[in-house]
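These are the residues of each chain, in order.
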Amino acid sequence: MRKTFLTIITLLTVVLLVACGAPNNGEKIDFADLFPEKETIRVWIDDQEGEYMKAVIKAFNETEAGKGIVVEHQHMGTVDARERLKTFGLTGNGADIFQFPHDHLAAAILDDLVYALPETVRTKVAERAHPLGLDIATILYDEGTGEFGPGSNATPKLYAVPMSLEAVGLYYNKDLVEGDPVETYEELIAQAKVWNAAPVSETDTRTNAEAKRYFLATSSHWADSYFMQHIYSAFGFKPFGPNLDDASKVGFADAKEALEWMVDELKPITTGNNLHDGVAGGDNFANGLVPYIIGGPWNIEQYRDEGLNFGIAPLPSINGEKATPFAGAQMAAIYKYSQNKDAATKFLEFLMSDKAMELQLEYKYKLPALKNDLLANIEGFSDDPFMQAISLQLQDAIPMPTIPEVQYYWGPGESMIKSIWNEGTLPATAVVTAEDAYEAQKALGGK
Amino acid sequence: MKYKTIIKTILSSIFWGFGQLLNRQYIKALFFFLVFVAFIGIELGTSHYFINDEAVDNISLNKIPGKNLGTFYNIVFLETYDQEARNGNKDLDFENYLINELKITPTSNGLFSKSSDAHLFTEEKFIEYFSKTIDELSYIRYQNIQTNNYVLPDDWDDSSLLLLTKDTLYYDEINNLYYRKSLNNEQYEETNIFTLKENKNYIDDVTDFLLVETTGVIYTANNKYYVEAKIDDATRYIELRTDTINIEQSSNAFRPIKKDRIIGPIYESNNEIYEYYEPGLRYNTKRQQYIQPKISEYLRKAVYTQNVELVARQNPVRSTDYVKLMIKVYLELNPNIKESYLNNFNNFYYDRAGMFVKGVWEVVTLGQTEEVKFNEHLALTDVFVGYETAEPTKSSLRSIINYEGEVNVRGHVSTLLLLEGLIAIILSLFFIFFGVWSAVDAYRVSNQLINNETPLKSKEYFKDVWENSFEYIVLSPAMFVLAFITIMPIVFGFVLAFTSIGGNGSMDKLFDWVGFKNFIEIFDPNTAIGQGFSIAFWRVLGWTIIWAVLSTFTVFFGGFFQALIVNAESVVFKKLWRTILILPWAIPALLSQMVFRVIFNEGGMINELMNSLGFYKLFKGWGILGQSFQSATGWAKTFWLGHDNIQWFTNSHNPNFVRITLVVVNIWLGFPYFMALMTGIMTAIDKSLYEAADIDGATGFQKLVNITMPLVLYSTAPILIMTFSGNFNNFGVIYFITGGGPGDLTAVERGYAGQTDILISWMYRLTVDWQIYNMASVFSVLIFIVVGSVTAWNLSKTNAFTED
């Protein structure tokens, strides 16, 4: 019985195999001649539900350029994307387009992940992109020597396309702030002193300070150089010199005055005797307990969910000097070793279009990184007070430094504020230590 | 006859099974031979040893993204040429080449594309001819921009002046002097408008001077040449001459025309203006272009026809493929670059060797070829896509082909190579095992034959092996899998300590073997790594050991005494107590660690409790709370707890306090396990021992010390040591409770190590946050040595194991 069964199976298999091999007499049919190839690109963009990207891809495929291109979206957190691409890219499973926040551009370049976009793309993007967004994504690069930064043969290279812009601003709780929000830090500090010393409520006799409900909060912590740049700017400090591109030194020495001001004026009203991150300010503001916070557009969703009645005001000035924050951006770039750069470029260009920007605003609630006069065309922008406020704040923002060495700035910068804030180190000492630390990190990273 | 044995052994080790063949053991020979064939088969099957020369040459070119244009040359290109020729646009030189060199005879109507030999015009031939014609036109020279005459470098007058056409100058209107920023210092030096001045004066300040920025863009008007300049933000034109300064302004009488093809350095020689021409030279951010030969026009027209006019009928030329052609031509024009590219990207071991040979090469060298970037092919832009301005539509591809951008070819990636290499080597070891076996067997059998003993027949031999080594044979699949899933990753992590991997991008680039350099560096404070890391290493290691010892003993004896208490006869509701006390163990450690982090927060529950219980008042009285660290003095400084609140886990001035808190918290997390364990052991102790002790009149303490403790210790000592190793690597407690802090975790001068970091949490930060993989590996090797040797030594001394 078993034998017969086996024989039948064997016979069947042989017949099948022969049948399969039969019809084609060695003639090769090259379908590529008949149908143009459809290119497939993979994009890693932060979109958990995938609805936003679904809409974008659909819109892209309806355009002339995107007709023959299959776009495959995979959700990837913006910080993860870079980390993953390092290993996925090596084995050919990486994305053609990936997204990252502004402060990762330098690292992504050092990690050999980003493709410098051609000049024509740069021109096209420059026509539409907000100048700040463009600045954040552009680096001077000398093709001959392979060096970044200014030089006689250095040309500006666009490494990514800015998708949305962001900058920190002064968010205030309309229920706790009477009248207009403060315009200067001097006003803010005076009001803060009163607030901090006042009792929490009629039943709770602790002062606001004791209850850790300090007048002004930050949605990060007080040693975050990105958040603190507006204070640095007011005192004239910019990392890497006025053009933000002198990698030879950060110039921490110029931050001394700002640091002194922080210890003497800012620290007492924001954390008192606590550490730089000792006050849960973000929660306080979200729960409607404190009137002011230095926050960013990424917080809006949370505050809305909490049902907060809040507004966004420009950052207060210090000693009459404007406090200009860093502008940040979410950007999308092409993977350096992508095999489909043509198609990827088309998609990237589409991301700058009105349609894609509209979808981004609709689904992700982000400020489109477009020039101010183009913003008017974006549906949903003009009637949105928050978007208007962020856009306004951006007019006073300075672009982030883009030289790869900025990677080595954040660590020493944070250590510097921590040491003056928590350990009582003198600013004069702290700035020297920070500069040394920058040197050391640079040496370590470049080895 | 000893030498016969030796020969057989050697033969068998080279050609497995050969010795057996000579020993006339054919089945055995076949067995070894089959394994040998499999081994060599894998090697050859994964290799490209036997590909033809043409394919070998193409290995490196195939790594440039894009494809060959294939039949484009003999069909589309020649058709376009024929079309042009019919319209009177002939290139006789090209026709000569086709007829005389390639032996392509045109058809009777003079069509090359219809010739039966048209297929001889291949890409290779095209590139050869194309490059040659470009090369002949684009030689280095000094071109007179007025007359178009040229001077070759050999005849060039060295006294001619280089004109600085792109510069920033400051014009002192009062004294009629120009200044420019000095290169060497912060001062400004006196200068001429286009040349440097000798015997110049220096000044410090130029604030009130007029800013004159020359842009380097050349204009012409009335047969004179000018450079564009921005003077006080207005556009002006300065004549290119050094004897007088002539500044013009655009007007009806003066209409300058932009000469955007003049981009090279400008010289003045005998009052004539020359442009220095060298293809590919970058000057003032622009690249000097190769000169268009006639044939380039046909090429561009062919692509234009294909992409624009015939797009519905045939495949257009893809940009990537076209750029690849550009690069090939560029390489052809630069034989040195081509040779080095071909050599680097056609590595015999990497590109052609089979798995095992490649594997050994990979591990030994870790790769040799760096990535390559192609930029210079953009000097062929004019040739391949046409001039930027004034190019006829039908021969301009600028808007059709995406020609711009760097082209990258990835080099060898050391991490991948190391991984692949290790896999290959481990796999080959399995095969080599058979080789050794074959040699040993040949030797033994041969000896037996010489001594006139009867060796086992093949069949009997295998039966014997099956019976005697059954356990090994059965285990071998497991061994095989284990080698790849356990041993390979461990070896990989281990050997990284001896490489230079570290820093941004090190994962996907080349790195090298550095021997013990990393080990030496961390102990040498004079090196870049050593400065921060050697000090940090000893600090972290010291705390790791103290932590491991303290946490183990506290938890062990904590559990022991808890078990004693729960087991004491006078305790009621034993089961209830036991259940409650075991609870901390039942909660996932991660959760309780997070909870501890929260409740020990500065504004957390513990602090509020301490405050309301009045401890704060007490501490404030002692001065260890309520004032800043700087204002505390004497003992208060040593025991300083915090300013407003007790800083349990963030007290950077008094890290020992944080460490003690950590140990205490760890007791809560760890003791239930030991309590449960020891309760079990205690219940198992023979009651008669205690009865006997009672009869002898022993006190409770004596019973504890002489009966309970020795018996419990005896059974739990191995676990004690295991716990020590576990705590040595207790990542969770450190990482989730303090995160390594207090202390600055971003400071390189402290090696990125916090005050409570133990080696494992430090390692984690070094790899994940700072990408210092080699150092992290060094530490893991050191951890292995410490933990491994302590454990091994202790276990071998522990009774519970030695009696096993």
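Parameters at a glance
- Throughout, a residue's number is its position along its own chain's written sequence, starting from 1.
- Chain letters start at A and ligand numbers start at 1, both assigned in the order the entries are written.
- The model is predicted, so local features are restricted to residues of pLDDT at least 70 and side-chain atom pairs to those at 80 or more, both for listing and for counting; the totals for chains, interfaces and linings are taken over all residues.
- The side-chain values count all of the structure's non-hydrogen atoms but skip hydrogen atoms and water molecules.
- The helix count covers DSSP runs of H or I at least four residues long, the strand count covers runs of E at least two residues long, and both are numbered beginning at the N terminus.
- The globule rule used here is 2.2 Å times the number of residues to the 0.38 power, and the radius of gyration it is set against is calculated over C-alpha atoms.
- We call two residues in contact whenever any of their non-hydrogen atoms come within 4.5 Å of each other.
- Per-residue and other accessible areas were derived by the Shrake-Rupley procedure at a 1.4 Å probe size, with only the shown protein chains allowed to occlude residues.
- Asp and Glu are treated as the negative residues and Lys and Arg as the positive ones, with His and the ends of the chain left uncounted.
- Where a charge lies is defined by one atom per residue type, namely NZ (Lys), CZ (Arg), CG (Asp) and CD (Glu).
- Patch definition: residues above 30% relative accessible area lacking any salt bridge, with like charges linked at up to 9 Å and the nonpolar side chains Val, Leu, Ile, Met, Phe, Trp and Tyr linked at up to 5 Å.
- By definition, a salt bridge exists where a carboxyl oxygen of Asp or Glu is found within 4 Å of a side-chain nitrogen of Lys or Arg.
- Note on exposure labels: buried denotes an accessible area under 20% of the residue type's maximum, exposed denotes more than 50%, and partly exposed covers the range between, all computed with a 1.4 Å probe on protein chains only.
- Buried residues of nine kinds, namely Ala, Val, Leu, Ile, Met, Phe, Trp, Tyr and Cys, make up a nonpolar core once their side-chain atoms join them within 4.5 Å.
- Strands are treated as partners if at least two bridges between them are detected by DSSP.
- Side-chain rings of Phe, Tyr and Trp (the six-membered ring for Trp) are treated as a pair once their centres are within 6.5 Å; stacked means planes under 30 degrees apart, edge-to-face means over 60, and tilted covers the remaining angles.
- In this scheme, the term charge over a ring applies when either NZ of a lysine or CZ of an arginine sits within 6 Å of the ring centre and within 35 degrees of the ring normal.
- Each residue carries a pLDDT score, the predictor's confidence in it, ranging from 0 to 100.
- Cavity: a set of points on a 1 Å grid over the protein atoms alone where a 1.4 Å probe fits but cannot get out. Pocket: an open set with protein on both sides within 12 Å along at least five of seven lines, its lining residues, like those of a cavity, having an atom within 4 Å of a point.
- Grid points are joined across faces, edges and corners, and a volume is the space filled by probe spheres set on the points.
- All residues other than Ala, Val, Leu, Ile, Met, Phe, Trp, Tyr, Cys, Pro, Asp, Glu, Lys and Arg, Gly among them, are scored as polar; the first ten of these are nonpolar and the last four charged.
- The directions considered for the arc run from the helix axis to the C-beta atoms.
- Polar contact is defined as a pair of N or O atoms within 3.5 Å, subject to the rule that within protein one atom must be able to donate a hydrogen and the other to accept it, and that residues adjacent in sequence are counted only when both atoms are side-chain atoms.
- Expected span, for any helix, means 1.5 Å times one less than how many residues it has.
- Note on geometry: axes are C-alpha line fits, over the in-contact stretch for helices, and angles between N-to-C directions span 0 to 180 degrees.
- Relative orientations are named as follows: roughly parallel for angles under 35 degrees, roughly antiparallel for angles over 145 degrees, roughly perpendicular for angles from 65 to 115 degrees, and oblique for any other angle.
- Should the near helix be turned anticlockwise from the far one by less than a right angle, the crossing is left-handed, and should it be turned clockwise, the crossing is right-handed.

**Student:** Would you explain the overall build of chain B in this entry?
**Tutor:** Assigned secondary structure in chain B consists of 30 helices and 18 strands. Against the compact-globule benchmark of 28 Å for 804 residues, chain B has a radius of gyration of 42 Å, which places it well outside the compact range. Dimensions along the principal axes, computed over C-alpha positions, put chain B at roughly 130 × 95 × 55 Å. Here the analysis covers contacts within chain B between residues at least 6 apart in sequence; of these, 65% occur between residues at least 24 apart. By element, 59% of the accessible surface of chain B is carried by carbon and sulfur atoms, the whole surface being about 40,800 Å². Across chain B, the 64 positively charged side chains and the 83 negatively charged ones have centroids separated by 7 Å.

**Student:** Honestly, a negative patch on the surface in this entry has me stumped. Any pointers?
**Tutor:** Residues and elements named next belong to chain A. A grouping of D180, E183, E186, E187, E257, E260, D264 and E265 is seen on the molecular surface, where their side chains present a negatively charged patch. Mapped by element, the contributors of at least two residues to the negative patch are α7 (185-197) and α9 (256-270). At four residues, the largest contribution of residues to the negative patch is made by α9. Position of E183 relative to the elements: it lies in the loop between β8 (169-173) and α7. On the basis of relative accessible area, E183 is assigned to the exposed category, the value being 60%.

**Student:** Where do I start with the nonpolar core in this structure?
**Tutor:** Proteins that are soluble and globular tend to have nonpolar side chains buried together. In terms of nonpolar packing, the biggest core is built from 144 residues, with I231, Y232, M262, L266 and F347 of chain A touching the most fellow members. Per element, the largest residue contribution to this core is seven residues, and it comes from strand β12 (residues 326-334) of chain A. Not counting chain neighbours up to four residues away, the residues in contact with I231 of chain A comprise Y185, A258, W261, M262, L266 and I318 of chain A. Formed by 55 residues, the second largest nonpolar core is a distinct cluster that contains F121, F126, Y304 and V317 of chain B.

**Student:** Teacher, can you tell me more about the sheet that holds strand β6 (residues 155-158) of chain A here?
**Tutor:** Hydrogen bonding along the main chain pairs the strands of a sheet, whether they run parallel or antiparallel. Residue and element names in this part refer to chain A. Here we have three strands laid out as an open sheet, ordered β5-β4-β6, and antiparallel in their pairing. Looking along the sheet, the strands with just one partner apiece sit at the ends: β5 (147-148) and β6. With two bridges connecting them, strand β4 (residues 138-142) and β5 associate as antiparallel partners. Bridging from a neighbouring strand, Y141 pairs with F148 of β5.

**Student:** Where do I start with the packing of aromatic side chains in this structure?
**Tutor:** What the rule picks out here adds up to 116 aromatic pairs over all chains. Lying over the aromatic face of Y461 of chain B, K28 of chain B brings its terminal NZ or CZ to 3.9 Å of the ring centre. The ring of Y337 of chain A is capped by R410 of chain B, whose NZ or CZ atom sits 3.9 Å from the centre of that ring.

**Student:** Sorry, what's going on with the pattern of salt bridges here?
**Tutor:** A side chain of one charge can pair with a side chain of the opposite charge when the charged atoms of the two come close. Residue and element names in this part refer to chain B. Counting across every chain of the model gives 38 salt bridges over all chains. A salt bridge links E332 to K338; the shortest N-O distance between them is 3.0 Å. By relative accessible area, K338 is classed as partly exposed at 23%. The residue R398 makes a salt bridge to D382 at a minimum N-O spacing of 3.3 Å. Linking R398 in the loop between α13 (381-385) and β18 (407-409) with D382 in helix α13, this pair joins segments that are 16 residues apart in sequence.

**Student:** Explain the confidence of the model for chain B to me, please; I cannot follow it from the model alone.
**Tutor:** Low pLDDT means the predicted atomic positions in that stretch should not be read closely. When pLDDT is averaged across chain B, the result is 87; 98% of the residues are at 70 or more. Interface confidence for the predicted complex, given as ipTM, is 0.78, next to a pTM of 0.83.

**Student:** It is not clear to me how empty space enclosed by the protein should be interpreted in this structure. Could you clarify?
**Tutor:** Rolled over the atoms, a probe as big as a water molecule pinpoints where empty space is left. Inspection of every chain in the model, using the stated rule, returns one cavity of 30 Å³ or more. In this structure, the largest cavity is lined by D112 and Y337 of chain A together with T369, E370, E371, R410, G411, H412, V413, D508, K509 and L510 of chain B. Each residue belonging to the lining of the largest cavity can be placed in one class, and the counts come to three nonpolar, three polar and six charged.

**Student:** What should I look at first to understand the environment of E124 of chain B in this one?
**Tutor:** Residues and elements named next belong to chain B. As for its position among the elements, E124 is in helix α7 (residues 123-137). Residue E124 is classed as exposed on the basis of its relative accessible area, which comes to 56%. Taking the C-alpha atoms as reference points, E124 and Y73, 51 residues apart in sequence, are found 9.9 Å from one another.

**Student:** Which parts of the structure should I look at to understand a nonpolar patch on the surface?
**Tutor:** All names here are of chain B. On the surface, I6, I10, I14, F15, F18, L21, L22, Y26, L30, F33, L34 and V37 cluster together into a nonpolar patch covering about 1,100 Å² of accessible area. Among the elements of the structure, α1 (2-14), α2 (18-22) and α3 (26-45) are those that each provide at least two residues to the nonpolar patch. At five residues, the largest contribution of residues to the nonpolar patch is made by α3. Examined against the element boundaries, F33 turns out to sit in helix α3.

**Student:** I keep staring at the pairing of strand β4 (residues 166-172) of chain B and nothing clicks. Help me out?
**Tutor:** A regular strand places its side chains so that they alternate between the two faces of the sheet. All names here are of chain B. Within β4, five of the seven residues are buried, which leaves the element mostly enclosed by the surrounding structure. For β4 and strand β8 (residues 210-221), the ladder comprises six bridges, and the chain directions are antiparallel. Within the sheet, the bridge partner assigned to K166 lies in β8 and is T215. Across four bridges, the pairing between β4 and strand β5 (residues 177-181) is antiparallel.

**Student:** How should helix α15 (residues 458-468) of chain B be read in this particular structure?
**Tutor:** One turn of an α-helix holds 3.6 residues; hence residues three or four places apart share an orientation. All names here are of chain B. Listing the buried residues of α15 in full gives S458, Y461 and V465. The arc that holds every buried residue of α15, seen down its axis, measures 60°, which confines them to one face. Those residues of α15 that are exposed and angled more than 90 degrees off the buried face are K459, K463 and E467. Residues of α15 that are buried in the fold lie against α3, α14 (414-450) and α16 (470-495).

**Student:** I'm lost on the interface of chain A and chain B in this one. Help?
**Tutor:** Many authors give the size of an interface as the accessible area that is lost as the parts come together. Counting residues at the interface gives 52 residues for chain A and 55 residues for chain B. Inspection of the chain A/chain B interface yields two salt bridges. Residue E39 of chain A pairs with R318 of chain B through a salt bridge whose shortest N-O separation is 4.0 Å. One can count eleven residue pairs in polar contact (both at pLDDT 80 or more) joining chain A with chain B. Taken together, the elements giving at least two residues each to the side of chain A that touches chain B come down to α3 (78-90), α5 (119-128), β4, α12 (341-351), α16 (410-422) and α17 (427-445) of chain A. Its residues placed into classes, the side of chain A that touches chain B shows 16 nonpolar, 19 polar and 17 charged.

**Student:** How do you make sense of the confidence of the model for chain A when you look at a structure like this?
**Tutor:** Residue and element names in this part refer to chain A. Residue-level pLDDT values for chain A average 85, and 91% of them are 70 or greater. When the elements of chain A are averaged for pLDDT, helix α1 (residues 2-21) gives the smallest value, 56, and strand β10 (residues 292-295) the largest, 93. Note on residues 29-34: pLDDT under 50 across the span, and two contacts to partners over four residues away in sequence or across chains.

**Student:** Help me out: how do you make sense of the side chain of S395 of chain B in this one?
**Tutor:** Residue and element names in this part refer to chain B. Within the element layout of this structure, S395 appears in the loop between α13 and β18. Residue classification places S395 among the buried residues on the basis of a relative accessible area of 2%. In terms of polar contacts, S395 uses its side chain to reach the side chain of E391, at 2.6 Å. Setting aside residues up to four positions removed in sequence, S395 forms contacts with E297, R300, K301, V385 and G386.

**Student:** Looking at this structure, how should I read α16 of chain A?
**Tutor:** Residues and elements named next belong to chain A. When the terminal C-alpha atoms of α16 are compared, their 18 Å separation across 13 residues agrees well with the 18 Å that a helix rising 1.5 Å per residue should span. With twelve of its 13 residues buried, α16 lies for the most part within the structure. Within α16, burial applies to W410, G411, P412, G413, S415, M416, I417, K418, S419, I420, W421 and N422. A positive backbone phi angle near 70° is found at G424, which sits one or two residues after α16.

**Student:** Even after reading the chapter, I still don't get the packing of α9 of chain A against α16 of chain A, so can you show me in this structure?
**Tutor:** When two helices pack together, their arrangement is given by the angle between the helix axes and the distance between those axes. Residues and elements named next belong to chain A. Two numbers describe how α9 lies on α16: the axes approach to 10 Å, and their chain directions differ by 60°. Judged on the interaxial angle alone, α16 and α9 are oblique. Where α9 crosses over α16, the handedness of that crossing is right-handed. Facing α9, whose interface residues are L259, M262, V263, L266, K267 and T270, α16 presents M416, I417, I420 and W421. By residue class, the composition of the contact of α9 with α16 is eight nonpolar, one polar and one charged.

**Student:** What's the story with the sheet that holds strand β13 (residues 266-269) of chain B in this structure? I'm lost.
**Tutor:** Residue and element names in this part refer to chain B. Strand order in this open sheet of five strands is β2-β1-β14-β13-β3, and the pairing throughout is antiparallel. Two strands bound the open sheet, and with one partner strand each, they are β2 (150-151) and β3 (161-163). Inspection of the sheet shows strand β1 (residues 141-144) paired to strand β14 (residues 272-277) by four bridges, in the antiparallel sense. Residue pairing across strands places N144 opposite Y274, the latter belonging to β14.

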